[in-house]
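What follows is each chain in one-letter form.
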Amino acid sequence: MSPRSIIRGIVYVGYFLAFLLLLGFFGALLPREHVSMETIELPAPPEAVYATLRDVTSAPTWRTGLTSVELLPKRGDREVYREHGADGPLTLEVVEDIPGKRLVTQVADLGLPFSGRWVFQLAPSESGGTRLTLAEIGDVPNPLIRFLGHYLFGFDSTVDQYAADLRRHLGARS
């Protein structure tokens, strides 16, 4: 390897690091927290929608990208489970549970580049079905990950996919 090619390699690494720093700088200008929300109408009554949400072990049969769910030991009186999917494992904990009305889960893994909660608010609709509001309230402290999440992956994509999967599973029209 010639000295010229070594210097060229060092320069390319420097450009790459400068690029990452620039992305991190712009990520630092974005808010740490984000809220993604969608309200959908489902033909099933609130009790049936709630039962679907609570049956986490059956979720891989209807949720895109979810391959399996394992139930874990409770933390006090809180239910804990681990989802396995395309993005790797994610442990969730049920922090609020009002049958047929409201369900809140939160990320229970420590050391991830993000944390957050999922809020499911159910209400009867005029048609006899359910009006479900799904909200992801996330926190992304790392500015580089925040930039990528905001501009490349989109923070709304998970909520959008979940809503589409639930519509399809419960036979709702889009």
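Just above, that's the structure.
Residues numbered from 1 in each chain as written. Predicted model: local features only at pLDDT ≥ 70, side-chain atom pairs only at ≥ 80, totals over all residues. Heavy atoms only, no water.

Colleague: Could you give an account of the side chain of Arg167, with specific residues and numbers?
Modeller: Relative to the elements of secondary structure, Arg167 occurs in helix H4 (residues 157-169). According to the relative accessible area criterion, Arg167 is buried, its value standing at 17%. Looking at Arg167, its side chain comes within polar contact range of the side chain of Glu38, at 3.3 Å. (Helix = DSSP H or I, 4+ residues; strand = E, 2+ residues; numbered from the N terminus. Buried < 20%, exposed > 50% of the residue type's maximum accessible area, 1.4 Å probe, protein only. Polar contact = N/O pair within 3.5 Å; in protein donor to acceptor, adjacent residues only side chain to side chain.)

Colleague: Tell me what's going on with the pairing of strand S2 (residues 66-75), and back it up with residues and numbers.
Modeller: Both S2 and strand S3 (residues 78-85) contribute to a ladder of seven bridges, which runs antiparallel. Residue Leu72 lies in a different strand from S3, and its bridge partner there is Val80. Adjacent in sequence and paired antiparallel, S2 and S3 are bridged by two residues, among which Gly76 carries a positive phi angle near 70°. (Pairing = 2+ DSSP bridges.)

Colleague: Describe the packing of aromatic side chains, naming the residues involved and giving the relevant values.
Modeller: Applying the stated criterion across every chain, the model contains five aromatic pairs. Seen from their ring centres, Trp118 and Tyr162 are 5.4 Å apart, and the 45° between their planes marks the pair as tilted. One end of the pair, Trp118, is in strand S6 (residues 115-124); the other, Tyr162, is in helix H4, and 44 residues separate them in sequence. The burial state of Trp118 is the same as that of Tyr162; both residues are buried. (Phe/Tyr/Trp six-rings, centres within 6.5 Å; stacked < 30°, edge-to-face > 60°.)

Colleague: Lay out the layout of surface pockets with the relevant residues and their values.
Modeller: Sizing a probe to match a water molecule and rolling it over the atoms shows the empty space that remains. Space inside the largest pocket adds up to approximately 1300 Å³. If you trace the largest pocket, you find 45 residues lining it, with Asp87, Leu90, Phe114, Glu136 and Thr158 closest to the centre. Looking at the lining of the largest pocket, the elements with two or more residues in it are helix H2 (46-54), S3, strand S4 (88-98), strand S5 (102-107), S6, strand S7 (130-139), helix H3 (143-153) and H4. The residue inventory of the lining of the largest pocket, partitioned by class, reads 23 nonpolar, 16 polar and six charged. (1 Å grid on protein atoms, 1.4 Å probe; cavity = no way out; pocket = protein on both sides within 12 Å on 5 of 7 lines; lining within 4 Å. Points joined across faces, edges and corners; volume = space filled by probe spheres on them. Nonpolar A, V, L, I, M, F, W, Y, C, P; charged D, E, K, R; others polar.)

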